[in-house]
Amino acid sequence: MKHVLSTLCVLLFPLLAQAGGADVVIENAAVRLVIGADGAARSLIHKSTGEECLAAEVRTPICAITQYRPYDNENFLIYPAKPRVFPACRVERRGDRLYVGFEDTYDIAVIRLDIEDDYIGFSLERVDYRIEAYGVKRQTEIDEFALLRLPLRPRAHFGEWLNVVWDDRVAVNLLGTHPGTRIDAFPTAEATTLYAGLDAQVGLFGPGAALVVSSREGLLPAIGQIERDYDLPRGVESRRDGSYRCSYYSLRGVTPENIDAHIEYARRSITSISPARAATTAGARSTRAVWKTCVTSPTASVPQA
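Residues numbered from 1 in each chain as written. Predicted model: local features only at pLDDT ≥ 70, side-chain atom pairs only at ≥ 80, totals over all residues. Heavy atoms only, no water.

What follows concerns the side chain of glutamine 67. Note that glutamine 67 resides in strand β5 (residues 64–67). Other than its neighbours up to four places away in sequence, glutamine 67 contacts Lys82, Pro83, Arg84, Phe86, Thr140, Glu141 and Asp143. (Helix = DSSP H or I, 4+ residues; strand = E, 2+ residues; numbered from the N terminus. Contact = heavy atoms within 4.5 Å.)

Time to look at unusual backbone geometry. Residues other than glycine predominantly adopt negative phi, and peptide bonds predominantly adopt the trans conformation. The backbone phi angle of glutamate 57 is positive, close to 65°, even though this residue is not glycine. Phi is positive for aspartate 104, close to 60°, though the residue is something other than glycine. Summarising the element assignment, aspartate 104 is placed in the loop between β7 (97–102) and β8 (107–115).

Our next topic: the layout of surface pockets. Taken as a whole, the largest pocket spans an internal volume of roughly 610 Å³. Together, 24 residues line the largest pocket, and Leu162, Leu175, Ile223, Glu227 and Gly235 are the ones closest to its centre. The greatest single-element share of the lining of the largest pocket, amounting to 5 residues, is contributed by helix α2 (residues 219–229). (1 Å grid on protein atoms, 1.4 Å probe; cavity = no way out; pocket = protein on both sides within 12 Å on 5 of 7 lines; lining within 4 Å. Points joined across faces, edges and corners; volume = space filled by probe spheres on them.)

This part is about the side chain of threonine 192. Structurally, the position occupied by threonine 192 is in strand β17 (residues 192–199). Residues contacting threonine 192, with those up to four places away along its chain left out, are Leu150, Pro151, Leu152, Phe158, Val165, Ala185, Phe186 and Pro187.

Moving on to a negative patch on the surface. Negative charge collects at one region of the surface, where Glu116, Asp117, Asp118 and Asp229 lie side by side. Accessibility expressed as a relative area gives 58% for aspartate 117, which makes it exposed. (Patch = residues over 30% accessible without salt bridge, like charges linked within 9 Å, V, L, I, M, F, W, Y side chains within 5 Å. Areas by Shrake-Rupley, 256 points an atom, 1.4 Å probe, with all protein chains shown as cover. Salt bridge = Lys/Arg side-chain N within 4 Å of Asp/Glu carboxyl O. Lys, Arg positive; Asp, Glu negative; His and termini not counted. Charge placed at Lys NZ, Arg CZ, Asp CG, Glu CD. Buried < 20%, exposed > 50% of the residue type's maximum accessible area, 1.4 Å probe, protein only.)

Turning our attention to the sheet that holds strand β3 (residues 41–46). The strand order across the open sheet built from 4 strands is β1-β2-β3-β4, with neighbouring strands paired in antiparallel fashion. Two strands in the sheet have a free side with no partner beyond their single neighbour: β1 (24–27) and β4 (51–52). Sheet topology note: the strand β2 (residues 31–35)/β3 ladder contains 5 bridges and is antiparallel. What sits directly across from isoleucine 35, in β3, is alanine 41. (Pairing = 2+ DSSP bridges.)

A few words on the pattern of salt bridges. Throughout the structure, instances matching the rule amount to 17 salt bridges. For glutamate 51, the salt bridge identified is with arginine 155, shortest N-O distance 3.1 Å. Taken together, the positions of glutamate 51 in strand β4 and arginine 155 in the loop between β12 (144–152) and β13 (157–159) put the pair 104 residues apart, joining distant regions of the chain. For the residue pair glutamate 51 and arginine 155, the accessibility class agrees, reading buried in each case. Between arginine 169 and glutamate 51 there is a salt bridge, and its shortest N-O distance comes to 2.4 Å. A residue pair is termed long-range when its members are at least 10 positions apart, and arginine 169 in the loop between β14 (164–166) and β15 (171–176) and glutamate 51 in strand β4 qualify at 118 residues.

What follows is about the sheet that holds strand β9 (residues 120–129). The strand order across the open sheet formed by 12 strands is β13-β14-β15-β18-β9-β8-β7-β6-β5-β12-β17-β16, and the pairing between neighbours is antiparallel. Lying at the two open borders of the sheet, with one neighbouring strand each, are β13 and β16 (182–187). Averaged over all adjacent pairs, the angle separating strand axes in this sheet is 25°, with direction ignored. The sheet contact formed by β5 and strand β6 (residues 84–94) spans 4 bridges and is antiparallel. Pairing of alanine 64 across the sheet is with proline 87, part of β6. (Axes fitted to C-alpha atoms, helices over the stretch in contact; angles between N-to-C directions.)

Attention now goes to the environment of aspartate 128. Following the sequence through the fold, aspartate 128 ends up in strand β9. Placed 27 residues apart in sequence, aspartate 128 and glycine 101 show a C-alpha to C-alpha distance of 9.7 Å. In terms of polar contacts, aspartate 128 uses its side chain to reach the side chain of arginine 126, at 3.1 Å. (Polar contact = N/O pair within 3.5 Å; in protein donor to acceptor, adjacent residues only side chain to side chain.)

Another point: the pairing of β5. With burial as the criterion, each face of β5 is covered, one bearing Ala64 and Thr66 and the other bearing Ile65 and Gln67. Two strands pair when backbone bridges link them, and β5 and β12 are joined in this way by 3 bridges, in the antiparallel orientation. Bridged to alanine 64 within β12 is alanine 146.

To continue, consider α2. Leu219, Ala222, Ile223, Gly224, Ile226 and Glu227 are the residues of α2 that are buried. Looking at the buried residues of α2, the elements they touch are β14, β15, β18 (208–214) and α3 (235–240). Of the residues trailing α2, aspartate 231 is marked for its positive phi of about 55°.

Next comes the structure, spelled out in structure tokens:
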């Protein structure tokens, strides 16, 4: 039955797209994202301020498929044997799923939405394939998948480490919810495009991304919630820990004679840290061997974990 429903969705999707679908609206308590039926983001509103976060006059399809060479037989003599990007050209929402079609391909990407108060999560659930008159279309390889692309209007600051565009009023952040998600940004004079993508060699299904639109003060709490919900390293919790300022021990005047004293000072700081930072102690136990080796024999190789 599940296979039949999936097949019906694949069959009906092109007909619905041709009929001219409505805009797709995705929103939570903080943000309202509008995606046109043509697959391009049209609006991203921060609700509490009413500010539009997308760059004006910049059209960017939210998703795209990359093939490193043409894989379909009908494309062998149309496109040269080099990477080609197939942008999204239609999108429809059904419940907590987006169905996205692409130019010049038979793929229909099904993206699962995870709408929470602090963020909106996106993950690629599966890829369906249209059925032609001659039967079932074989699955075409996908090398890369752009899960979400948002062209944001310029603001005072861009934080590359957190992938956030922000000023005193609004912060827009696109984070990976899995280590396999590629997170990036592409700034130009007109816009800074936040990007979340997937690579077939790492994994297309499972890794995802989360979109946060908040006040400047609300950014870290929202990221902290994402870290808890997706069981990510607790970066926000660590930053707020009272021992955060004591996390580094800088060595000065180290000799073979005093290295043991340095190690003892470092050991004392490790044993007094809070439970939130206790996970780092295992790696610190190897510090003595590494430091001792490096100081007594500068040319020696560092032991590998």
